[in-house]
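# Structural overview for review
The lines below spell out each chain.
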Amino acid sequence: MTRAQRHVEIAGGGLAGLTVATALAQRGWSVRVHERGRELREIGAGIFMWENAVRVLTQIGAADAALARAELVDNWRLYDERGRLLQDDWMKDGKTRLFTLLRTDLHRALADAARDAGVEVVTQSVVVGASPEGRLLLDTGEALQADLIVGADGVGSPVRGSLGLDLAVRDLQDGCGRHLVSRLPGDPVGSTLEYWNQGRRVGIVPVTPDQVYIYLCCPAKDLVGREKPVNVASWTASFPHLADLFTRIPDVSRWASFADVQCHRWVKDRVALVGDAASAMAPNLGQAACLAMTNGYALASVLEDYPDVPAGLLAWETRQRPVTDATQRYSRLYGKVGTRWPGPMTDVRSALVWMAGRSRRWQSRVNVAAHEGAELVSSR
Ligand SMILES: Cc1cc2nc3c(=O)[nH]c(=O)nc-3n(C[C@H](O)[C@H](O)[C@H](O)COP(=O)(O)OP(=O)(O)OC[C@H]3O[C@@H](n4cnc5c(N)ncnc54)[C@H](O)[C@@H]3O)c2cc1C
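Notes on the structure follow. The model shown is predicted, which means the values in this text are computed figures rather than measured ones. (Residues numbered from 1 in each chain as written. Predicted model: local features only at pLDDT ≥ 70, side-chain atom pairs only at ≥ 80, totals over all residues.)

## Notes on the overall build of the protein chain
Under the convention used in this document: Each helix corresponds to a stretch of at least 4 residues labelled H or I by DSSP, and each strand to a stretch of at least 2 residues labelled E; elements are numbered beginning at the N terminus. Field definition: a residue is buried when 20 or more other C-beta atoms are found within 10 Å of its C-beta, exposed when 12 or fewer are, and partly exposed for counts in between, with C-beta atoms placed from the backbone. Our contact criterion uses C-beta atoms placed from the backbone: two residues qualify when those atoms are within 7 Å.
Each helix and strand in the protein chain was counted, giving 13 helices and 19 strands. The dimensions of the protein chain, computed from C-alpha atoms along their principal axes, are 65 × 40 × 40 Å. Counting over 380 residues, the protein chain shows a buried share of 49%. For the protein chain, the proportion of contacts with a sequence separation of at least 24, taken over those separated by at least 6, is 73%.

## Focus: the site of the ligand
Keep this limit in mind: Any residue qualifies as near a molecule or strand once its backbone-derived C-beta atom lies within 6 Å of it. Gly falls in the polar group here, along with every residue not listed as nonpolar (Ala, Val, Leu, Ile, Met, Phe, Trp, Tyr, Cys, Pro) or charged (Asp, Glu, Lys, Arg).
Near the ligand lie 33 residues; those nearest to it are Gly-12, Gly-14, Gly-154, Gly-275 and Ala-288. Listed by contribution, the elements that provide at least two residues to the shell around the ligand are helix H1 (15-25), strand E2 (30-35), strand E3 (46-50), strand E13 (166-182), strand E17 (254-263), helix H8 (276-279) and helix H9 (288-303). Residue contributions to the shell around the ligand peak at four residues, all from H9. Its residues assigned to classes, the shell around the ligand shows 18 nonpolar, ten polar and five charged.

## Notes on the environment of Thr-192
Along the chain, Thr-192 falls in strand E14 (residues 191-197). Separated by 159 residues in the primary sequence, Thr-192 and Val-33 place their C-alpha atoms 35 Å from one another. Excluding anything up to four places from it in sequence, Thr-192 contacts Val-73, Trp-76, Thr-100, Gly-203 and Val-205.

## So, the environment of Asn-75
In this fold, Asn-75 is placed in strand E5 (residues 75-79). Note: C-alpha distance between Asn-75 and Asp-89 (14 residues apart in sequence) is 4.7 Å. For Asn-75, the contacting residues outside a window of four places in its chain are Asp-88, Asp-89 and Ser-191.

## What to know about the packing of helix H10 (residues 309-339) against helix H13 (residues 368-375)
A packed helix pair is summarised by two numbers, namely the angle formed by the two axes and the spacing between the axes. Selection criterion: Inter-axis angles, ranging from 0 to 180 degrees, are taken between N-to-C directions of lines fitted to C-alpha atoms, where helices are fitted over the stretch in contact. Working definition: roughly parallel below 35 degrees, roughly antiparallel above 145 degrees, roughly perpendicular at 65 to 115 degrees, and oblique for all remaining angles.
Across the interface, H10 lies against H13 with an axial gap of 10 Å and an inter-helix angle of 175 degrees. Taken together, the axes of H10 and H13 are roughly antiparallel relative to one another. Contacts from Val-323, Ala-326 and Thr-327 of H10 reach H13 at Val-368, Ala-369, Glu-372 and Gly-373. A breakdown of the residues in the contact of H10 with H13 according to their chemical character gives four nonpolar, two polar and one charged.

## Describing the sheet that holds strand E10 (residues 135-138)
Spelled out, the test is: In this analysis, strands are considered paired if DSSP registers two or more bridges between them.
The three strands are arranged E9-E10-E11 in an open sheet whose pairing can be described as antiparallel. Only two strands of the sheet have a single neighbouring strand rather than two, namely strand E9 (127-131) and strand E11 (143-145). Sheet twist, expressed as the average angle between the axes of neighbouring strands with direction ignored, equals 25 degrees. Judged from the four bridges that link them, E9 and E10 form a sheet pairing that is antiparallel. Bridge pairing in E10 links Gly-129 to Leu-137.

## Notes on helix H4 (residues 103-116)
Condition: Here, expected helix span is obtained from the residue count minus one, scaled by 1.5 Å.
The end-to-end C-alpha distance of H4, which contains 14 residues, comes to 20 Å, matching closely the 20 Å that a straight helix rising 1.5 Å per residue would cover. Within H4, the full set of buried residues consists of Arg-103, Asp-105, Leu-106, His-107, Ala-109, Leu-110, Ala-111, Ala-113 and Ala-114. Buried residues in H4 make contact with H1, E3, helix H3 (63-67), strand E7 (98-102) and strand E8 (120-123). Just past H4, the residue Gly-118 takes up positive phi, approximately 95 degrees.

## With respect to unusual backbone geometry
Glycine aside, residues mostly have negative phi angles, and peptide bonds mostly take the trans form. Cis rather than trans, the peptide bond between Lys-228 and Pro-229 has omega equal to -10 degrees. Its place among the elements puts Pro-229 in the loop between strand E16 (211-219) and helix H6 (232-238). Non-glycine residue Gln-124 carries a positive phi angle of around 50 degrees. In this structure, Gln-124 sits in the loop between E8 and E9. If you check the backbone angles, Gln-173 has positive phi at about 55 degrees while not being a glycine.

## Re the nonpolar core
The cut-off we apply is this: What we call a nonpolar core is a set of buried Ala, Val, Leu, Ile, Met, Phe, Trp, Tyr and Cys residues whose membership is set by joining through C-beta atoms within 7 Å.
Counting 113 residues, the largest nonpolar core has Val-20, Ala-21, Leu-101, Val-150 and Val-274 as its most contacted members. In terms of residue count, the dominant contributor to this core is H9 (twelve residues). Once residues within four sequence positions are removed from consideration, Ala-21 is found in contact with Ile-10, Val-31, Val-33, Ala-114 and Val-119.

## With respect to the pairing of strand E15 (residues 200-206)
Taken residue by residue, a regular strand's side chains alternate between the two faces of the sheet. Counting buried positions along E15 gives six out of seven residues, so the element sits mostly inside the fold. In this structure, E14 lies alongside E15, joined through five bridges in antiparallel fashion. Bridging across to E15, Trp-196 finds its partner in Arg-201. Turn length for the E14-E15 hairpin, with the two strands adjacent in sequence and antiparallel, is two residues, and the turn residue Gln-198 shows positive phi of about 50 degrees. Where E15 meets E16, six bridges bridge the pair, whose relative direction is antiparallel. Residue pairing in the sheet places Val-205 in a bridge with Tyr-213 of E16. Counting the residues between successive antiparallel strands, the hairpin from E15 to E16 contains four residues.

## Considerations on the sheet that holds E2
Judged by pairing direction, the sheet is mixed, and its six strands sit side by side in the order E8-E2-E1-E12-E19-E18 without closing on themselves. A single partner strand is all that each edge strand has here, and the edge strands are E8 and strand E18 (267-268). In this sheet, E8 lies alongside E2 in parallel orientation, the contact comprising four bridges. Considered in E8, the bridge of Val-33 is made with Val-121.

Nothing here speaks to function; it is geometry throughout.
Here it is as structure tokens:
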């Protein structure tokens, strides 16, 4: 007997919403995405995509488009304030791929995959909440009934708030400026470089053959570090050898603050939370979006085995959550070490980070999402 077509209403057309939408549509669901923006679009500069997300992109048929111009990263190098190399191959192993790419390339590839799979996208559609029995509530007063509701509506998720699933939603008082600069012959190839000095961090990340993504991280209270345009003198004082790099940064810059979301549950009856709505974390490990996509894909995959949606959602959360919870814990730890470490003790920090880099076991634990998380991307 064939199963009647199931319908899902999804709040949010970001990386999480588009991934889960495509994966469900490819499995026969009728899918509608509500995006509050005037159009589907992604802001920001570059993004790291680890093995788990690369497998998802491959499964939904978006890998070629998303990665066409991306950089395959051989090593992620970390240097301290004295120029000492602390990590040469941070969190990688021979099997774990890491790509760096433009956010816009990724988002466009996901949006195209969603359209090809038959997903309906409604823009300027503002979600205000959901009800556990499967209604998505819009600001127009409409209540849309579905077999499944997905809240992929980001850190401030109205879906999560309306169901009381929040445990803690925190502004981490930490963030970064994100910039794209033209790529020059002396820029790294196949490498991502990160430099630390006290609470400041600079990342140099090639993302296309022509562009390099630069991130300048600092605590929120470092008002000079957050200045727009970039305070070249201040950043040069922290990283003198990068003086030329800072002068390449365009005047237009964007500060993004980091948030951390913890939920009692990711599901309530027919409603599931995915992505930052469920599990936002500081981008210290480059895994928040990767996990958003991994968990979104897994949701569609697990529901294939469950005619009963609430039972399927419980099984999905049980299966996916441990890896995400562990990644959030390590991301918090990385933030404490990288941004909030007490000033005079940076040599101790360097020694600890150097030792962590020598332990393959420790690195695979920290990057459990790329290792074990990738195994959870079903091949169906
Ligand atoms: C500086 C920085 C760097 C990062 N780097 C990385 C990285 O290298 N690798 C990585 O894996 N992750 C990274 N992340 C994390 C990553 O950006 C997020 O995890 C990811 O974008 C979350 O996607 P999402 O779809 O869950 O949420 P969002 O991207 O926030 O998308 C939510 C969507 O829902 C829409 N929406 C919100 N409210 C409503 C509503 N009421 N009604 C309708 N629509 C609504 C929004 O307009 C938006 O389109 C980084 C984050 C930051 C801040």
